[in-house]
Amino acid sequence: MNLSTVLTSHDTQVLIVAAIGIVLLVVLIVWLKLHAFIALTIGALFVGVGSGIPLEKVTSSYEAGVGGVLGYVGVLIALGAMLGKLLADSGGADQVVERILRGRPATLPWKMALVASIIGIPMFFEIGLVLLIPVVMLAVHKSRGPAMRLGIPALAGLSVLHGFIPPHPGPLAAIAILHADVGVTLAIGLLIAIPTVAVGGPLFGLLAARMVPIGAAGAGLAVTGSDRRAEGAQVSTDEADAAPVRSPTFAVTLVTLLSPIVLMLIKAGADIWMGKDDPVRHVLDFIGDPVFALLVAVLLAMVTFGTSVGFNISVLGKKIAASLLPVVGVMLIVGAGGGFKQALVDGGTGAAIAKIALATGLSTLVLGWIVAVFIRLATGSATVATVTAAGIVAPLATHLPPNHLSLVVLAIGAGSLFFSHVNDAGFWLVKEYFGLTVGQTIKTWSFMETVLAVMGLILTYGLSLVM
């Protein structure tokens, strides 16, 4: 392949600028110890200017990326932190963890992967993470093992379901673009998800725990309230001393935690099986929206994890206020990651990489995976990678049978997970919640995502040879 005939001078320019921008981030954060929010902001502005975005629009591009992430993910992080705080302080998290810890310790990572996979069916990765974090951190705290032994299985379960399984937006968009069958894709996706989660979760978690042998730490631990020092003197004495008179039962805890999942599952079913003009679907879309569903869960938790266990309204207000303190920094960093990603997208980096991948002449399935990998590496967005890759390979997939169309969708979804790094808001979310350094996040989260992506390619390609 002669790249000079594929790429324009602008394509070459944006690819070089993107590479320099990523190196700049690493230098600012790892070597100069600059706060990640400031470093990401500098990196985004550098990429915007270097990619040729008009100067008067560079900051607008960054602001749009920040707003696009915080306008949605920021609200979910805040609501999830409130729910997590009430769950932990009421003793509800202890109820869940005690059930999980029953049985042989060796089965604990597998249980965590199973719980995360179930939660991940209707939820975006970010939502599932903010709901799971209190349970993961408390389980790590009580089992006294390395955080990655349980954290990686939970992350793998959420990530695989987000990349492979409808009704998540990436897979649904790819299904629509490639005219694949939703039911077939869902069935094959679940079949592929099981071994992928097993390898990338509990099995890789053993290696990750050896590479990064840390205990419970970070904003996630602060949210759970397991370490009061993480909140410091900013929490009032009354709130710090407040203890529940009684603990919620396991059944009540489960109902409260599952309430947003049930609402989102109802919406997911409506999106798949009901027409867009059906008035009932409009109602279900509203009540199943993650913001509404999590708000309902928080309001319910104020009763089940609040007044029912002996907390008065004043204490509840202080606990909810305290829950937001540990996640303010997380939200800013995640937002800045969105701004950096948007600068790459608006500058044309994703389009340049897509041209290179299309010129390779590989099979549709492998080509779709490679395109998704490159765009994921360039932009940091799994959804952008999935939609773009599906659009590029769509003309090549028109002759494929239904089963193979579904496999192409799943291969693209797998590629969209590949090596999440500093331009992905999810990277910073995991880093801050688990209290990792940039290097530790790459060794654990980024490598785990790569394992999932490669497993997805192997399994989809293998099935394409026999189906």
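This is a predicted model, so every value here is computed, not measured. (Residues numbered from 1 in each chain as written. Predicted model: local features only at pLDDT ≥ 70, side-chain atom pairs only at ≥ 80, totals over all residues. Heavy atoms only, no water.)

## With respect to helix H5 (residues 92–101)
We count it as follows: Throughout, exposure labels follow a simple rule: accessible area from a 1.4 Å probe, protein chains only, divided by the maximum for the residue type, with under 20% read as buried, over 50% as exposed, and the rest as partly exposed. Put simply, DSSP H or I for four residues or longer makes a helix, DSSP E for two residues or longer makes a strand, and each gets a number counted from the N terminus. When we speak of the arc, we mean the arc of directions from the helix axis to the C-beta atoms. Note on definitions: a residue-residue contact is assigned when non-hydrogen atoms from the two residues lie within 4.5 Å.
Every buried residue of H5 is listed here: Gly-92, Ala-93, Val-96, Val-97 and Ile-100. Looking down the long axis of H5, one finds its buried residues gathered within 130 degrees of arc, a one-sided arrangement. Next to the buried residues of H5 lie helix H4 (55–90), helix H6 (108–120), helix H7 (125–143) and helix H13 (250–273). One or two steps after H5, the chain reaches Gly-103, where phi turns positive at roughly 95 degrees.

## Examining empty space enclosed by the protein
The condition that has to hold: Here a cavity is any set of points on a 1 Å grid over the protein atoms alone where a 1.4 Å probe fits but cannot get out, and a pocket is any open set with protein on both sides within 12 Å along at least 5 of 7 lines; a residue lines the site when it has an atom within 4 Å of a point. Grid points are joined across faces, edges and corners, and a volume is the space filled by probe spheres set on the points. Put simply, Ala, Val, Leu, Ile, Met, Phe, Trp, Tyr, Cys and Pro go in the nonpolar bin, Asp, Glu, Lys and Arg in the charged bin, and everything else, Gly too, in the polar bin.
Under the definition given, this model contains one cavity of 30 Å³ or more. Put simply, the largest cavity is a space of about 30 Å³. When residues of the lining of the largest cavity are traced back to their parent elements, those giving at least two are H7 and helix H8 (147–164). In terms of residue class, the lining of the largest cavity is made up of eight nonpolar, one polar and no charged.

## Thoughts on the packing of H13 against helix H14 (residues 279–287)
Which entries qualify depends on this criterion: Whenever a helix is involved, its axis is fitted only over the stretch in contact; in every case the axis is a line through C-alpha atoms, and angles between N-to-C directions fall within 0 to 180 degrees. For a crossing to be left-handed, the near helix must be turned anticlockwise from the far one by less than a right angle; the clockwise case is right-handed.
The interhelical angle for the contact between H13 and H14, taken along N-to-C directions, is 145 degrees, at an axis separation of 8 Å. You can see that H13 and H14 cross each other, and the crossing is left-handed. Touching Leu-263, Ile-266, Lys-267, Ala-270 and Asp-271 of H13 are Arg-281, Leu-284, Asp-285 and Ile-287, all from H14. By residue class, the composition of the contact of H13 with H14 is five nonpolar, no polar and four charged.

## Considering the layout of surface pockets
Here the largest pocket is characterised by a volume of approximately 530 Å³. Taken together, 27 residues line the largest pocket, and the ones lying closest to its centre are Glu-126, His-162, Ser-381, Ala-382 and Thr-383. Mapped by element, the contributors of at least two residues to the lining of the largest pocket are H4, H7, H8, helix H17 (328–347), helix H19 (364–379), helix H20 (382–393), helix H22 (425–434) and helix H23 (438–466). By residue number, the principal contributor to the lining of the largest pocket is H4, which donates four residues. By residue class, the composition of the lining of the largest pocket is eleven nonpolar, eleven polar and five charged. Estimated volume of the second largest pocket: approximately 350 Å³. As for the second largest pocket, its lining consists of 14 residues, of which Val-96, Val-115, Ile-119, Leu-254 and Leu-258 are closest to the centre. Elements supplying a minimum of two residues to the lining of the second largest pocket: H5, H6, H7 and H13. Broken down by element, the lining of the second largest pocket gets its largest block of residues, five residues, from H13. A per-class count over the lining of the second largest pocket returns 13 nonpolar, no polar and one charged.

## A few points about the pattern of salt bridges
Operational definition: Salt bridges, as used here, are contacts in which a Lys or Arg side-chain nitrogen is within 4 Å of a carboxyl oxygen on Asp or Glu.
Tallied over the full model, the rule gives six salt bridges. Between Lys-85 and Asp-89 there is a salt bridge, and its shortest N-O distance comes to 3.3 Å. Of the two residues, Lys-85 and Asp-89 are both situated in helix H4; the distance of four residues between them amounts to about one turn of the helix. Residue Lys-85 shares its accessibility class with Asp-89, and that shared class is buried. Between Arg-376 and Asp-424 there is a salt bridge whose closest N-O contact spans 3.4 Å. With Arg-376 in helix H19 and Asp-424 in the loop between helix H21 (402–415) and H22, this pair connects stretches of sequence that are 48 residues apart.

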